[in-house]
Amino acid sequence: SGSAISAVNTWGDALLVTNCTFRENTPLTTGGTLNGTVANLANVVDCKFLSNTAKFGGAAHTCALKGCLMEGNTATDVGGAAYASTLVACTNRANVNASANVKASELGSNCSATDCLFENIGNSAKFAFDSGTYDRCRFVSVTNGYLFSGSFALTNCLIADSSNCYLFYKST
């Protein structure tokens, strides 16, 4: 709602977005720059999300993303890169969460990532707030934060050149 593109599923069809660039967009309300209103309604392939801001998912909210670049996006609440989305072969750099109650600066609740790169993430970074799965992902230069919070699955991943980080945090 209020996104650069908000896909409203009234006929059961999915939105396909390919080779597009989304730069410096700010939704009027909560959704990401690209907002699928039903889980994975928006299929996004080989797109760039650069310096966007949203409440949930600075780049994308409830989307299936493949081969995308998400860089410099900001969430004012949860998920600087994406929220409630699926990522495959995506590159994520320097996405942030601007909330004082930092939740997930890269991916918000109920996200999964396969074969993705998360790079240059700092300042209380968190991934997988509430839940998430990561398979064959690379986390490079992550500093000063928690890599995961809540319940998550981490399979065949690489964590490199990172400092002052906790692998798991479970709040009480």
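Just above, that's the structure.
Procedures and definitions
- Residues numbered from 1 in each chain as written.
- Predicted model: local features only at pLDDT ≥ 70, side-chain atom pairs only at ≥ 80, totals over all residues.
- Heavy atoms only, no water.
- Salt bridge = Lys/Arg side-chain N within 4 Å of Asp/Glu carboxyl O.
- Helix = DSSP H or I, 4+ residues; strand = E, 2+ residues; numbered from the N terminus.
- Buried < 20%, exposed > 50% of the residue type's maximum accessible area, 1.4 Å probe, protein only.

## Digging into the pattern of salt bridges
- One pass over the full model with this rule turns up three salt bridges.
- A salt bridge links Arg136 to Asp115; its shortest N-O distance comes to 2.8 Å. Highlighted residues: Arg136 in the loop between β18 (131-135) and β19 (138-146) and Asp115 in the loop between β16 (111-114) and β17 (117-121), separated in sequence by 21 residues.
- Owing to a relative accessible area of 40%, Arg136 belongs among the partly exposed residues under this scheme.
- The partly exposed category is assigned to Asp115, whose relative accessible area is 33%.
- Between Arg136 and Asp135 there is a salt bridge whose closest N-O contact spans 2.8 Å.
- Within this structure, Asp115, Asp135 and Arg136 form a network of salt bridges that share partners.

Purely geometric stuff here, so don't read any function into it on its own.
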